[in-house]
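Fold and geometry: a report
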Protein chains: 2
Amino acid sequence: MHAISEFKKTVEEGIRKLEFPNDPPYLYDPIRYILALEGKRMRPVLVLMSCELFGGDVNKALSPALGLEVFHNFTLMHDDIMDKAPLRRSKATVHTKWNSNVAILSGDTMFVQSCQLMMQAPDSCLRDVMNLFHKTAIEVCEGQQLDMDFEEQQHVTTEAYIEMISFKTAVLLAAALKIGALIAGATASSAEHIYEFGRCIGVAFQLKDDILDVYGDADKFGKLSGGDIIANKKTMLLITALEMVQGADKEELKNWLTNNKSNPAEKVQAVKNIFDKLQVRDIAEKEMVRYFEMAMHHLDAIPVADESKKPLRDFAELLMVREA
Amino acid sequence: MHAISEFKKTVEEGIRKLEFPNDPPYLYDPIRYILALEGKRMRPVLVLMSCELFGGDVNKALSPALGLEVFHNFTLMHDDIMDKAPLRRSKATVHTKWNSNVAILSGDTMFVQSCQLMMQAPDSCLRDVMNLFHKTAIEVCEGQQLDMDFEEQQHVTTEAYIEMISFKTAVLLAAALKIGALIAGATASSAEHIYEFGRCIGVAFQLKDDILDVYGDADKFGKLSGGDIIANKKTMLLITALEMVQGADKEELKNWLTNNKSNPAEKVQAVKNIFDKLQVRDIAEKEMVRYFEMAMHHLDAIPVADESKKPLRDFAELLMVREA
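All figures in this text were calculated on a predicted structure; none of them were measured in a lab. (Residues numbered from 1 in each chain as written. Chains lettered and ligands numbered in written order. Predicted model: local features only at pLDDT ≥ 70, side-chain atom pairs only at ≥ 80, totals over all residues. Heavy atoms only, no water.)

1. Details of the overall build of chain A
Put simply, the rule reads: Per the convention used, a helix needs a DSSP run of H or I reaching at least four residues, while a strand needs a run of E reaching at least two, with both numbered from the N terminus. Every radius of gyration here is taken over C-alpha atoms, with the globule rule written as 2.2 Å times N^0.38, N being the number of residues. The buried label applies to any residue whose accessible area, calculated with a 1.4 Å probe on protein chains only, is under 20% of its type's maximum; exposed applies above 50%, and partly exposed to all values in between. Residues are treated as being in contact if the distance between any of their heavy atoms lies within 4.5 Å. We score Asp and Glu as negative and Lys and Arg as positive, and we do not count His or the chain ends. The atoms used to mark charge sites are NZ of Lys, CZ of Arg, CG of Asp and CD of Glu.
Counting its secondary structure elements, chain A contains 16 helices and two strands. In terms of C-alpha radius of gyration, chain A reaches 20 Å, essentially the compact-globule figure of 20 Å for 324 residues. Principal-axis analysis of the C-alpha atoms gives chain A an extent of 60 × 50 × 30 Å. Looking at chain A as a whole, 59% of its 324 residues qualify as buried. In chain A, 74% of the contacts between residues at least 6 apart in sequence involve partners at least 24 apart. Measuring between centres, the 37 positive side-chain charges of chain A sit 2 Å from its 48 negative side-chain charges.

Following this line, the structure appears as structure tokens:
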């Protein structure tokens, strides 16, 4: 059985070995740049872990695993344009370092490359893997659109928010695990359980991200602290706060959301104070734990030795206690 | 044997029958919008024609054919953002009618959908079809990048220009024909000849487009007349003119290219006068005919009855004499 760190090493090595042409440089330099940024490599690692859990040959899963990482980075490149994000993993985003056109076209190219890597799945499961990959890719696009739509909407429910993050973030983790299972030849029932494990962990992961944006250490997190607050981003924290807030606090929160000339640091502190008063961090953490536990139930339901599940259980726990 | 018009009807019907969800509307409305714009549907028609030429079952080629049309429209949606194009087929481009973010994300979604349609190729040729599709998609991205790079470069040779349009435009027509051939089970040699036929026709097609922009009827062509001149676009005409122009005309042409405050209609007329003096239209047409003839040699080399090649020959001739 491999440790998470060993799989991560395998993935990093695989990414380093990916070959891209030099010309045209504006097309391929940004691809090399974004893939070299340090990341958790969660999705490819999950493919390999799941493949091993079901007794598959992880060598056969490596290219599709790398394909998911390339796909994920393609979505980051395009999302960062749409979200006007200046930083990604503490470094300049591609559209900032180059420009939007470069980020659009390099992103498109990465998507094709992710398909090429995914097509290296074995014949026995090729159609299943590709169908899941394409279905997931569409859902990720839908999730990003819902996310942008929410920014324009007055009222968003926590249910709608969780559906959105399920699409935008969670289904890709779920697909990573299911692709590993498909390559290993797992049963349909096991493949579904590992998918749902991933989806629930993915939702919990995003809720953790929302919490970290406000309550995390900016240096460790690699993004602007309180960036979501500054951008009025409808996260679990803000949506919960908007549902609960009353009286003078309601007026104050509304003012911070509409006044776009406010001092950023002052705004972060003031909104954080309202969050604290309403204990929204607590509510978000409870919801996170609920999803974490649902994930564990799905993992428990898979008929393989409990010992083999340890790496996935550790991985999930790590995501919940992480500081970045 | 089917007439081009019959295949076009089949394709239009196939596109109408493609089903897209309603939600989120900002994701799917632009897809319905761009696919409903009237177009030549060249790529899918070529898939079907080639499949029939080699005695294949055109029903099996329909979904991949539609996939190529969806892919082509995805590239238009993204190219139009990058090129800041206001019009496409006489209608507002997606990023103009909605906004750039919508055009980025709807385009991404279309790309996935094109993969899903392409995956409906028969098992017998699935990997060959997908490999060609992905290779071509990368080349199309490289072609678009080269096209944008050329706009920043002082000196572009006609050779480099033809390589660029080969990637940006021609390889997709070539791939359409080869995909039809692969689905029909054509020999490797025939598949290569039909690919090269398509590539040469594609180059000739783009040269015709360059000529039409300046010398075509704007109403029929569906784009701004002289739009390429106004935008200083390095077409075959401008590149040839820049290679040949001397003396006072050289100064004048340079002035029109650097003065961005000029009256558009006046600029088009003045640059056109220089083009006429240098007879660049004639040179571009000769190059177009040269590619057309190379295409015909490849078609001739395919060992099927000459009569069966008539639709493809007609199609190629139609592209050369078209006014739009």
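The structure having been displayed, the exposition proceeds.
2. So, the interface of chain A and chain B
Condition: Summed over both partners, buried area is the accessible surface (1.4 Å probe) that two parts give up on being assembled. We define a salt bridge as a side-chain nitrogen of Lys or Arg found within 4 Å of a carboxyl oxygen belonging to Asp or Glu. Two N or O atoms count as a polar contact when they lie within 3.5 Å, although within protein this holds only if one can serve as hydrogen donor and the other as acceptor, and sequence-adjacent residues are included solely when both atoms are side-chain atoms. For this classification, Asp, Glu, Lys and Arg are treated as charged, while Ala, Val, Leu, Ile, Met, Phe, Trp, Tyr, Cys and Pro are nonpolar and the rest, including Gly, are polar.
The partner chain B presents 38 residues to the 38 residues of chain A that form the contact. Summed over both sides, the interface of chain A with chain B buries roughly 3,400 Å², with 69% coming from carbon and sulfur. Ranking the residues of chain A by area buried against chain B places A:Leu105, A:Met119 and A:Arg127 at the top, with a combined share of 18%. Here chain A is connected to chain B by two salt bridges. Between B:Asp123 and A:Arg127 there is a salt bridge; the shortest N-O distance is 2.8 Å. Linking chain A with chain B are 12 residue pairs in polar contact (both at pLDDT 80 or more). Elements with a contribution of two residues or more to the side of chain A that touches chain B: helix 2 (25-36), helix 4 (58-82), helix 6 (100-118) and helix 7 (126-152) of chain A. The dominant element in the side of chain A that touches chain B, judged by the number of residues it contributes, is helix 7 of chain A, at 14 residues. Its residues placed into classes, the side of chain A that touches chain B shows 23 nonpolar, eight polar and seven charged.

3. Quick notes on helix 3 (residues 42-53) of chain A
Residues and elements named next belong to chain A. Heads up, the rule is: Here the expected span of a helix is defined as 1.5 Å times the quantity of residues minus one.
For helix 3, with 12 residues, the first-to-last C-alpha span of 16 Å sits near the 16 Å given by 1.5 Å per residue. Counting buried positions along helix 3 yields 11 of 12 residues, so the element is predominantly enclosed. The complete set of buried residues in helix 3 reads Met42, Arg43, Pro44, Val45, Leu46, Val47, Leu48, Met49, Ser50, Cys51 and Leu53. Residues of helix 3 that are buried in the fold lie against helix 1 (4-17), helix 4, helix 8 (158-184), helix 9 (188-215) and helix 16 (310-321). Immediately beyond the C-terminal end of helix 3, within one or two residues, lies glycine 55, with a positive phi of roughly 75°.

4. Structural notes on the relation of the copies chain A and chain B
We count it as follows: Each copy is superposed on the other by least squares, with the fit set by C-alpha atoms of residues at a pLDDT of at least 70 in both.
Take chain A, turn it by 180°, move it 0.0 Å along the axis, and it overlays chain B with an RMSD of 0.0 Å. Both chain copies can therefore be described as sitting about a two-fold axis. When the interface residues of chain A are mapped onto chain B, 100% of them again fall at the interface, so both copies present the same face.

5. Section: the side chain of B:Thr136
Residue position: B:Thr136 is located in helix 7 (residues 126-152). Contact partners of B:Thr136, with chain neighbours within four places excluded, come to B:Val171, B:Leu172 and B:Ala175.

6. Let's talk about the packing of helix 9 (residues 188-215) of chain B against helix 16 (residues 310-321) of chain B
Residue and element names in this part refer to chain B. Convention followed: Every angle, taken between N-to-C directions, lies between 0 and 180 degrees, and every axis is a line fitted to C-alpha atoms, over only the stretch in contact when it is a helix. Angle categories: roughly parallel below 35 degrees, roughly antiparallel above 145, roughly perpendicular from 65 to 115, and oblique for all the rest. Handedness of each helix crossing follows the sense of rotation of the near helix against the far helix: counterclockwise by less than a right angle gives left-handed, clockwise gives right-handed.
Interhelical geometry of helix 9 versus helix 16 gives an angle of 20° and a closest axis separation of 9 Å. Regarding the angle of helix 9 to helix 16, the classification is roughly parallel. Judged by the twist between their axes, the crossing of helix 9 over helix 16 is left-handed. Together, Ile194, Phe197, Ile201, Ala204, Phe205 and Lys208 of helix 9 and Leu312, Ala316, Leu319, Met320 and Val321 of helix 16 make up the contact between the two elements. Partitioning the contact of helix 9 with helix 16 into residue classes produces 10 nonpolar, no polar and one charged.

7. Concerning the nonpolar core
Which entries qualify depends on this criterion: In this description, a nonpolar core means a group of buried Ala, Val, Leu, Ile, Met, Phe, Trp, Tyr and Cys residues linked to one another through side-chain atoms lying within 4.5 Å.
Core analysis: the largest hydrophobic core is formed by 239 residues, its most contacted members being A:Ile194, A:Phe197, A:Phe275, B:Ile194, B:Phe197 and B:Phe275. The contacts of B:Ile194, once residues within four sequence positions are left out, are B:Ser50, B:Leu53, B:Phe54, B:Leu177, B:Lys178, B:Ala181, B:Leu299, B:Ile302 and B:Leu312.

8. Examining the packing of aromatic side chains
Heads up, the condition is: Any two rings among Phe, Tyr and Trp, with Trp reduced to its six-membered ring, count as a pair given centres within 6.5 Å; such a pair is stacked if its planes are under 30 degrees apart, edge-to-face if over 60, and tilted if neither.
As enumerated under the stated definition, the model contains 12 aromatic pairs over all chains in all. Between the aromatic rings of A:Phe74 and A:Phe111, the centroid separation amounts to 5.2 Å while the plane-to-plane angle is 20°, which identifies the pairing as stacked. One end of the pair, A:Phe74, is in helix 4; the other, A:Phe111, is in helix 6, and 37 residues separate them in sequence. Note on A:Phe111: relative accessible area 1%, which makes it buried. An aromatic cluster is built from A:Phe71, A:Phe74, A:Phe111, A:Phe133, B:Phe71, B:Phe74, B:Phe111 and B:Phe133, whose rings are joined through pairwise contacts.

9. So, the packing of helix 1 of chain A against helix 3 of chain A
Residues and elements named next belong to chain A. The contact between helix 1 and helix 3 brings their axes to 9 Å, and the two run at 120°. Relative to helix 3, helix 1 is oriented oblique. Between helix 1 and helix 3 lies a crossing of right-handed hand. Contacts between helix 1 and helix 3 pair Ile4, Phe7, Lys8, Thr10 and Val11 from the former with Pro44, Val45, Leu48, Met49 and Glu52 from the latter. Of the residues contributing to the contact of helix 1 with helix 3, the split by class is seven nonpolar, one polar and two charged.

10. Examining unusual backbone geometry
Following A:Asp23, the chain continues into A:Pro24 via a peptide bond in cis, with omega recorded as -10°. For A:Pro24, the position within the fold is in the loop between helix 1 and helix 2. With a phi close to 50°, B:Lys84 is a non-glycine residue in the positive phi region. Within the element layout of this structure, B:Lys84 appears in the loop between helix 4 (58-82) and strand 1 (87-88).

11. Overview of the pattern of salt bridges
The tally for this structure, following the rule as stated, stands at 43 salt bridges over all chains. In this structure, A:Lys286 engages A:Asp282 in a salt bridge whose closest nitrogen and oxygen atoms are separated by 3.3 Å. Note that A:Lys286 and A:Asp282 are positioned in helix 15 (residues 280-300) at a spacing of four residues, about one turn of the helix. By relative accessible area, which is 59% here, A:Lys286 ends up exposed. We note a salt bridge from B:Asp306 to B:Arg313, for which the minimum N-O separation is 3.6 Å. B:Asp306 sits in the partly exposed class, given a relative accessible area of 49%. By sharing partners, the salt bridges in this structure join A:Lys8, A:Glu12, A:Arg41 and A:Glu69 into a single network.

12. A word on helix 15 (residues 280-300) of chain B
All names here are of chain B. Between its first and last C-alpha, helix 15 extends 30 Å over 21 residues, near the 30 Å set by a 1.5 Å rise per residue. Residues Val280, Ala284, Glu287, Met288, Tyr291, Phe292, Ala295, Met296 and Leu299 constitute the buried set of helix 15. The secondary structure elements touched by the buried residues of helix 15 are helix 8 (158-184), helix 9, helix 12 (236-244), helix 14 (264-278) and helix 16.

13. So, the environment of B:Glu243
Residues and elements named next belong to chain B. Looking at where glutamate 243 falls in the secondary structure, it is placed in helix 12. Here the alpha-carbon distance between glutamate 243 and threonine 157, two residues 86 residues apart in the chain, equals 8.0 Å. If we skip the residues at most four places from it in the chain, glutamate 243 touches Val156, Thr157 and Thr158.

Purely geometric stuff here, so don't read any function into it on its own.
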